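Observations on chain architecture
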Amino acid sequence: MARNPFQTLTEPMFYILLALREECSGVDVMARVEEISHGRVRVGPGTLYALLPKLEDAGLIARTREEGRQKWYVLTGIGSSMLETEVRRLRQMLADAEGALRG
Amino acid sequence: MKTKFVPLIFSYLECDGLARYLERQAEKGWHFKAFRLGMEFEKGEPRRVTYDVQTFLKNKETDTAPEPETEEFAAYCEAAGWEFADSTKRFLVFRKDRWNAQPIYTGEERLQCVFRSELRARAEHHLSMLLLFVCFLFNASLNPPMWLFNSVMQLLLIYTGLSAALGLIRVPALFFWRAAKKRELQKTGTITCPSRPIRRTAWLMFRLFPLFPLAWMVLGPQGGPVVWAGAVSVVLLGTAIAWFRPGRGENRLIQIAGGIGVVLIIFLTAAMVMMSAGPVKQDSLSGAPLLVRDLRKVTGEPESAEFTRQSSSLGSLTVVTEHYPEDGVQAGAELDLRLYRFSGSGAEDTIWQYETGRYRLAGAEDVSAAWGASEAWHNTVIDPYGGLAAHWYYLRYEGTTVVLHVSWELSAEQIAIVRAKLGV
């Protein structure tokens, strides 16, 4: 069976979904990701351009409007619950790691 | 403003090589402006400019200008600090706009884009050559003399066959390139696509090779107004597309309309040549191995006549055609001669089968003894409408095949003249 590419989110996907909690143009997602991650994560144009249609096809984000070459997106309900699931998973991972490291 | 045009001969595997080339030109004061007629540069102040050349998989090999998807992607790159300069085929050229510009692709993305762009380019080229080769072979099977005794056509056949076969080396070689770049990616986290001047030059020479026989076809003895009209209209169409750079949709339409236009021009030129043809000049027949007047008395000039000779490493084909009309004083006379001389034995059987096949020898009379040939046949076709009769002679000697059509039956004396004239 084909693996669901969004079962666990990669770092760029995670930050793109975070950035799209508010409506944002595709081009501005790069700056917002950098802002959210305090400059730690930078999503390149190649990655972003390839990921946005995939996330849209999977129903995680929706296109809200289009002006010239610019497209605006926003997180959908499915995207929002996937993001929350991912946050819970990451929290659990962090707790597991902290517990294991404390011995 | 002073401008210069340089052909674009870089492959997708040389993206960085092309970027460094543009940077060197900028340092000399030649600034890349657009992909027009290759690459267009504008003269200005020497400057240090950082270029980045990438490939974009949504573009096509036939694209001459940026498409809407290209511009959409370019907008993302501009937000990342790269000014979009221009695009052609799957190449995209950017200038660094900010010191902290973000890389356009990750190493893995870049490897995939470059690899797939080059794979598609190579596959498209070699498959189109294979298609052309199959068409040429099919045509050669229908009309062997056109290909066997014409060096230019033979070169084109060999070239397309070789080009198609080279795909069997060049496509797998690309997978080796990808494996090497994957190792580079694992070691360094990025990939480089530098210039490959020796391979590029060798491939360029190979691709330009057919231009020599084609130029010879146009400029040489076979080049007439029809060939010239075809060649000039194709060059003009190609230049116009490279200059005006139509979008993908328009380009497709222009190529279809242009192709139809070129065929029309060729037909019109041929029609004009035929209509403007004056009386046949005897000079045009000088050197012909056999004419009607060698065999019988005729007055005046032939109404139509043709004498051509073409040769290749396999031998030569001489064609003579003469037609004298019935004018009340004399009966009309026709002569068609196809004289094949073979350098080796390779083509002899093919030509004999081509000339005598399709029931042409049905009901024919064996005249080998009269002609002193290893094989000779005489077939008579009477025109039911009272026109000239057709006497066909199919003669096979060692190293020579003759197909002779005359409108009267040849006497023993005339056969002797034909044999003496043709040296058989």
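Residues numbered from 1 in each chain as written. Chains lettered and ligands numbered in written order. Predicted model: local features only at pLDDT ≥ 70, side-chain atom pairs only at ≥ 80, totals over all residues.

Another point: the overall build of chain A. Across its full length, chain A holds 4 helices and 3 strands. When the helices and strands of chain A are read in sequence order from the N terminus, they spell out α-β-α-α-β-β-α. Principal axes of the C-alpha set define a box for chain A whose edges measure 55 × 35 × 20 Å. Residue burial in chain A is summarised as follows: out of 103 residues, 26% are buried. Expressed as a percentage of contacts within chain A between residues at least 6 apart in sequence, the contacts between residues at least 24 apart total 45%. (Helix = DSSP H or I, 4+ residues; strand = E, 2+ residues; numbered from the N terminus. Buried ≥ 20, exposed ≤ 12 C-beta atoms within 10 Å, placed from the backbone. Contact = placed C-beta atoms within 7 Å.)

Turning our attention to the interface of chain B and chain A. Each partner contributes residues to the interface: chain B has 14 residues there, and chain A has 12 residues. Grouping the amino acids of the side of chain B that touches chain A by side-chain chemistry returns 9 nonpolar, 2 polar and 3 charged. (Nonpolar A, V, L, I, M, F, W, Y, C, P; charged D, E, K, R; others polar.)

This part takes up unusual backbone geometry. Residue and element names in this part refer to chain B. Backbone geometry at L37 places phi at a positive 50°, although glycine is not the residue there. In this fold, L37 is placed in the loop between β2 (30-34) and β3 (39-43). For K89, which is not glycine, the phi torsion reads 45° and is therefore positive. Looking at where K89 falls in the secondary structure, it is placed in the loop between β5 (82-88) and β6 (91-96). Take K89: there are 18 C-beta atoms within 10 Å of it, and that puts it in the partly exposed class.

Turning our attention to the environment of Q25 of chain B. All names here are of chain B. The topology assignment puts Q25 in helix α1 (residues 15-27). C-beta crowding within 10 Å serves as the criterion here: with 19 such atoms nearby, Q25 is assigned to the partly exposed category. C-alpha of Q25 to C-alpha of R309: the two residues are 284 residues apart in sequence and 51 Å apart in space. If near-sequence neighbours (up to four positions away) are discounted, Q25 is found in contact with W30, F32 and F41.

Turning to helix α2 (residues 26-36) of chain A, a few remarks are in order. Within α2 of chain A, burial applies to G26, V27, V29, M30 and V33 of chain A. Down the axis of α2 of chain A, the sector holding all buried residues measures 160°, keeping them to one side. Contacts made by the buried residues of α2 of chain A are with α1 (11-19), β1 (24-25), α3 (45-57) and β3 (70-75) of chain A together with α2 (68-79) of chain B. At the exit of α2 of chain A stands H38 of chain A, carrying a positive phi of roughly 55°. (Arc of directions from axis to C-beta.)

Before going further, it helps to spend a moment on the confidence of the model for chain B. Taken as a whole, chain B shows an average pLDDT of 90; of its residues, 95% reach a score of 70 or greater. The ipTM, which scores confidence in the relative placement of chains, is 0.89 for this predicted complex, and the corresponding pTM is 0.85. (pLDDT = per-residue confidence, 0-100.)

The next subject is the sheet that holds strand β1 (residues 3-6) of chain B. Residues and elements named next belong to chain B. Pairing within the open sheet is antiparallel, and its 3 strands lie in the order β1-β3-β2. Of all the strands in the sheet, just β1 and β2 have a single pairing partner and so form its edges. Each adjacent strand pair in this sheet contributes to an overall mean axis angle of 35°, direction not counted. Here β1 pairs with β3 via 4 bridges, running antiparallel. Bridge pairing in β3 links F5 to E40. Contacting β2 and β3, α1 crosses the sheet at an angle of about 125° to β2. (Pairing = 2+ DSSP bridges. Axes fitted to C-alpha atoms, helices over the stretch in contact; angles between N-to-C directions.)

Residue and element names in this part refer to chain B. Among the 10 residues that make up strand β9 (residues 333-342), 7 are buried, leaving the element largely enclosed by the rest of the structure. Pairing geometry for strand β8 (residues 315-324) and β9, over 10 bridges, is antiparallel. Among the inter-strand pairings, G315 is bridged to a residue of β9, identified as F342. With 7 bridges connecting them, β9 and strand β13 (residues 400-406) associate as antiparallel partners. Each residue of the ladder has a partner; that of L335, found in β13, is V406.

Moving on, we come to the sheet that holds strand β7 (residues 304-312) of chain B. Residues and elements named next belong to chain B. A sheet is described by the order of its strands in space; here 7 strands give the open sequence β7-β8-β9-β13-β12-β11-β10, paired in antiparallel fashion. A strand with exactly one partner marks an edge of an open sheet, and here the two such strands are β7 and β10 (365-366). Two elements, β7 and β8, share 9 bridges in a ladder whose sense is antiparallel. In the strand pairing of β8, S311 is matched with S316. Against the sheet, helix α11 (residues 348-356) engages β9, β12 (390-397) and β13, with an angle of about 20° to β13.

Packing of α2 of chain A against α2 of chain B leaves a shortest axis separation of 8 Å and a crossing angle of 25°. As the angle between them shows, α2 of chain A and α2 of chain B are arranged roughly parallel. Relative to α2 of chain B, α2 of chain A is oriented so that their crossing is right-handed. Side by side, α2 of chain A and α2 of chain B meet where G26, V27 and M30 of chain A of the first sit next to A75, Y76 and A79 of chain B of the second. Taken together, the residues that form the contact of α2 of chain A with α2 of chain B break down as 5 nonpolar, 1 polar and no charged. (Parallel < 35°, antiparallel > 145°, perpendicular 65-115°, else oblique. Left-handed = near helix turned anticlockwise from the far one by under 90°.)

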